[in-house]
Protein chains: 2
Amino acid sequence: MSRMTWLLGAWVSTIASMSAFPVHAQTGEPAVIAAWTAAHQHSLLDEFEAFLGMPDVATDKAAIRRNAEVLVRMMDKRGLHPRLLENADRSAPPAVYGEWSVPGATRTLVIYAHYDGQAVDPAEWSSDPWKPVWRRGRLDVAPEIVERDASKPIDPDWRLYARSASDDKAGVFAILAATDALKANGLLPTANLRFFFDGEEEQGSPHIGELMRLNRASLRADAWLICDGPVHLSGRRQLVFGVRGDANVELTVYGPKRPLHSGHYGNFIVNPALKLARLLASMKTDEGRVAVAGWYDDVVPLGAAEKAAIAAAPEDDAGLLRDLGQVTAEMPGTSLAEAINQPSLNINGIRVADVGAQARNVIPTEARATLDLRLVKGNTVEGQFGHLRAHIEKQGYLVLDRAPTDGERTSHAKIATVTLESGGYPASRTPMDLPIARDVAAAMRTVAGDSLVLTPTMGGSLPLYLITEVTGAPTLVIPLANPDNNQHAENENLRVGHLWDGIATLAAVMRLPSAAAAGD
Amino acid sequence: MSRMTWLLGAWVSTIASMSAFPVHAQTGEPAVIAAWTAAHQHSLLDEFEAFLGMPDVATDKAAIRRNAEVLVRMMDKRGLHPRLLENADRSAPPAVYGEWSVPGATRTLVIYAHYDGQAVDPAEWSSDPWKPVWRRGRLDVAPEIVERDASKPIDPDWRLYARSASDDKAGVFAILAATDALKANGLLPTANLRFFFDGEEEQGSPHIGELMRLNRASLRADAWLICDGPVHLSGRRQLVFGVRGDANVELTVYGPKRPLHSGHYGNFIVNPALKLARLLASMKTDEGRVAVAGWYDDVVPLGAAEKAAIAAAPEDDAGLLRDLGQVTAEMPGTSLAEAINQPSLNINGIRVADVGAQARNVIPTEARATLDLRLVKGNTVEGQFGHLRAHIEKQGYLVLDRAPTDGERTSHAKIATVTLESGGYPASRTPMDLPIARDVAAAMRTVAGDSLVLTPTMGGSLPLYLITEVTGAPTLVIPLANPDNNQHAENENLRVGHLWDGIATLAAVMRLPSAAAAGD
């Protein structure tokens, strides 16, 4: 089975004209880097697997600090002058910072990745999230766990299963390995490099602003390059100019003050699960648009360059839907690329009492949901949250930011506690015609050729707005992972071929052409 | 604070004319029984607490068998000739059977209770569910744990907190204690007594039919008396002629085949939580009626005697709603007594991914709910389940009894797995003018006086239809527990005064007047 079919699932095999990387002939430096990486693949994977073996949920402060200390050692070994960036009272996970300065360089790049991972529910995993294992491909087609044979090259379709394998220790490690490849081949970066490895990205990076302000001089740059997220769904490399913002909202609606026997009270006391179902159902139209008034009002429309980039990007929504077992898109007639340029409202989870074997015949006291709001250019966190609150009020709810009092319960038929979690942030979008952006694209094309996709906004979120706000530098995202990596869910994985390509891409970007030599 | 206020919560204090038991002057035998019970209260409670200290979830077969063995010893000590009733292959929890035959008795009563308990989530409990503790009242007003002083009478308002404290080891123990009280005072029952203690009632008693058929001769009777459930909400004793039937349905709707990052796919792939919310919201009208076509079609209307009994029963729906923190009943204008004479559709629980600190920004692969269907006279399990299935199909769903195939996923936008759990059963209703029913009511009035409430149907469920079907005997329910006992939920409790009254009531019923002497 071809690499491409494995990579994207069966659906992509129907699009014969769509090319996965690297169809571009590797010559010159990219060929040198690829050869070095191939020759050192097993020692690189030994180090990467050990790094993945460390629990890294950002809420576990001791675990995250152990990761930071190991990362410092990994960087020190490479001569990258690492140090921890701590917030004022050292209460937060530290960022890990490093430098590689070169004589005569006129530009500076900060290269960003994050070393913390999403929370896990081990019961949902097919293997221990922090004991990396290999499979020959995606879990649904290759469930067997296999061993890596250090005497042979590894098949690029093999995948490594572990929390953070793709999101985002792959980014951290590809950056370090790219420096190895340059140094081993006597190549210097063409710009001064600064490394910034975030330790609380999955928590919304609540302290990154403080860390940047405390280290403003070290972090001044011509651009920040963000190594996170998956490559384009077509399997082609992409350079991303923007990200959506993100905010989480906790929602609780209330039933009887005590849990009640559903036999003795069923039909008489309204079940909070039914209230929550009605409320959530009110939030979207049957056509999949968010039915919250004002939701789309502040959106800054896409410009001509952005529309052209979207039109030029490879797209196979029909194949993607088929691969995911779907008949239609949520908003029929709206493409994925268009959909992620609009603000979203997602239900992350619902919890009311229990189901299945643990269920009991009760009318529960409350029903909870966690919502995820994605923001695009123009939206503010407070604005979208305000629209949502107003919508809930319009459904007849008394909206509180705390549990109701007895007096409120007996004077309001519908009460909701609605709270905005801290750590939300707006979207970011870098202009596509900025010189540094054109140079980064040119560097990527030395590896990817004309297959490089330019993406005005990707669907995921990073606090990039803050980087521009504090340091003044524009941001560009260079994603590395396979699109079907189960990021944020159980059985997260990295296709190893994507790690090799990530190293090649980052080495090329570190060898950025000068502004004069670059073209687009 | 008066016993009555404690008993029912603050709301009942507004209904000064409503009398809690026992306003009826205790003379004759009831006074003798009450005096004996008071004198022996601490030794009775020692035995009861030890019984409650045994985990008793029916799915834990080893635990439930230990309960059965202890119960055999408790009955043997009392000379009640206990033995285990096993199903054919001994795979089920046994029932515990016993006898007290009397010379010259012309009638036989089977007295039923169950010794198994509902499942628990210990995290939700304020104390260990199987380490009984005392409080001075209901948890919300008397959170402090207190010790019983064996040198003094216990306040009847004190409550014992443990799983099965009310549902239904209170029933089992009150029956045994009533035989103690009779024997200690040289009194014999006026009918032959048979005891039947069920070990899997909370699982829907799937083997009770088999046990009754295997032991038909021992279980033939003029009536089965069911000691389970709470007394009337007014706090008055009640005799119940019917129960609702019950069935559980598991419902799963499907999202993408893989969990997806809500940023990269939000707005493009429909979230199964939203599908489930829409589907559940479609099941009831805004006025609280079940919107499933045919739901009410088979209901046998109440007769004149039943309507009169409902009209005569004390009712304080407004106070009850206030106590539960509710503004209105689910069907405004429909009383609780009317509501429980209609079939219901309750959401026991919903589970979609996670909420709160465990939530992740994902579009999950499925959304699950457990539904509870209560049936009234005329409904069948298969009929109501069929109506529900048809309703889900009418919402555009392909309804399956298994997970969908890939082919089904890509050809149907909406797919639901809908399964009827085993163990469901129909309702039961005994005619109110049956002679044995009039005699039981008369016996109860020797303790309760005119405060006795006659209830055509209670909201809870028991497999009483099957007793009548297999043994031919009518069933009558004599509930004992306080209405706010948190039955089926966390912090289940028994107000100890209700235990004393239960013992008095059962002793009176064992001394049933002859048919000739009884009046109504």
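All of these numbers come straight from a predicted model, not from anything done at the bench. (Residues numbered from 1 in each chain as written. Chains lettered and ligands numbered in written order. Predicted model: local features only at pLDDT ≥ 70, side-chain atom pairs only at ≥ 80, totals over all residues.)

1. Some thoughts on the relation of the copies chain A and chain B
Mapping between the two chain copies consists of a rotation about an axis together with a translation along that axis.
Part 1 of the reasoning: Once turned by 180° and shifted 0.0 Å along the axis, chain A lies on chain B with an RMSD of 0.1 Å. In short, the pair behaves as if placed about a two-fold rotation axis. By C-alpha distance to the rotation axis, the residue of chain A lying nearest is A277(A), at 2.0 Å.
Part 2 of the reasoning: Taken as a fraction of all interface residues of chain A, those also at the interface in chain B reach 100%, which identifies the copy contact as same-surface. (Least-squares fit on C-alpha atoms with pLDDT ≥ 70 in both. Contact = placed C-beta atoms within 7 Å.)

2. Topic: the UniProt feature "domain: Peptidase M20 dimerisation" (unreviewed entry) in chain A
Part 1 of the reasoning: The positions that UniProt labels "domain: Peptidase M20 dimerisation" (unreviewed entry) are, in the present scheme, residues 242-395 of chain A.
Part 2 of the reasoning: End C-alpha atoms of residues 242-395 of chain A are separated by 34 Å, and the span's content is 31% helix alongside 23% strand. (UniProt positions renumbered as here; feature names shortened; annotations may be inferred. Helix = DSSP H or I, 4+ residues; strand = E, 2+ residues; numbered from the N terminus.)

3. So, the environment of R213(B)
All names here are of chain B.
Part 1 of the reasoning: Looking at the element boundaries, R213 is found in helix 6 (residues 208-214).
Part 2 of the reasoning: R213 gets classed as exposed once you count the C-beta atoms within 10 Å, which come to 12.
Part 3 of the reasoning: C-alpha separation for the pair R213 and N361, spaced 148 residues apart in sequence, amounts to 55 Å. (Buried ≥ 20, exposed ≤ 12 C-beta atoms within 10 Å, placed from the backbone.)

4. Let's talk about the pairing of strand 12 (residues 344-352) of chain A
Part 1 of the reasoning: Taken across its nine residues, strand 12 of chain A has nine buried, putting it largely inside the fold.
Part 2 of the reasoning: Of the pairings in the sheet, the one linking strand 12 of chain A to strand 14 (residues 366-375) of chain A comprises seven bridges and is antiparallel in character. Within the sheet, the bridge partner assigned to G349(A) lies in strand 14 of chain A and is T370(A).
Part 3 of the reasoning: Of the strand pairs in this sheet, strand 12 of chain A and strand 12 (residues 344-352) of chain B are connected by three bridges, and their pairing is antiparallel. Bridge assignment links I350(A) to a residue of strand 12 of chain B, and that residue is V352(B). (Pairing = 2+ DSSP bridges.)

5. Quick word on the interface of chain A and chain B
Part 1 of the reasoning: Residue-level contacts link 79 residues of chain A with 80 residues of chain B.
Part 2 of the reasoning: Its residues assigned to classes, the side of chain A that touches chain B shows 30 nonpolar, 30 polar and 19 charged. (Nonpolar A, V, L, I, M, F, W, Y, C, P; charged D, E, K, R; others polar.)

6. Structural notes on the sheet that holds strand 21 (residues 493-495) of chain A
Strand pairing in a sheet is mediated by backbone hydrogen bonds. Such pairs are either parallel or antiparallel.
All names here are of chain A.
Part 1 of the reasoning: Sheet architecture is open: four strands sit in the order 5-4-6-21, paired in antiparallel fashion. A strand with exactly one partner marks an edge of an open sheet, and here the two such strands are strand 5 (145-146) and strand 21.
Part 2 of the reasoning: By the bridge criterion, two bridges tie strand 4 (residues 133-135) to strand 5 in an arrangement that is antiparallel. Counterpart to R135 in the pairing with strand 5 is I145.
Part 3 of the reasoning: Relative to strand 21, helix 16 (residues 496-510) is tilted by about 65°, and along the sheet it contacts strand 6 (159-161) and strand 21. (Axes fitted to C-alpha atoms, helices over the stretch in contact; angles between N-to-C directions.)

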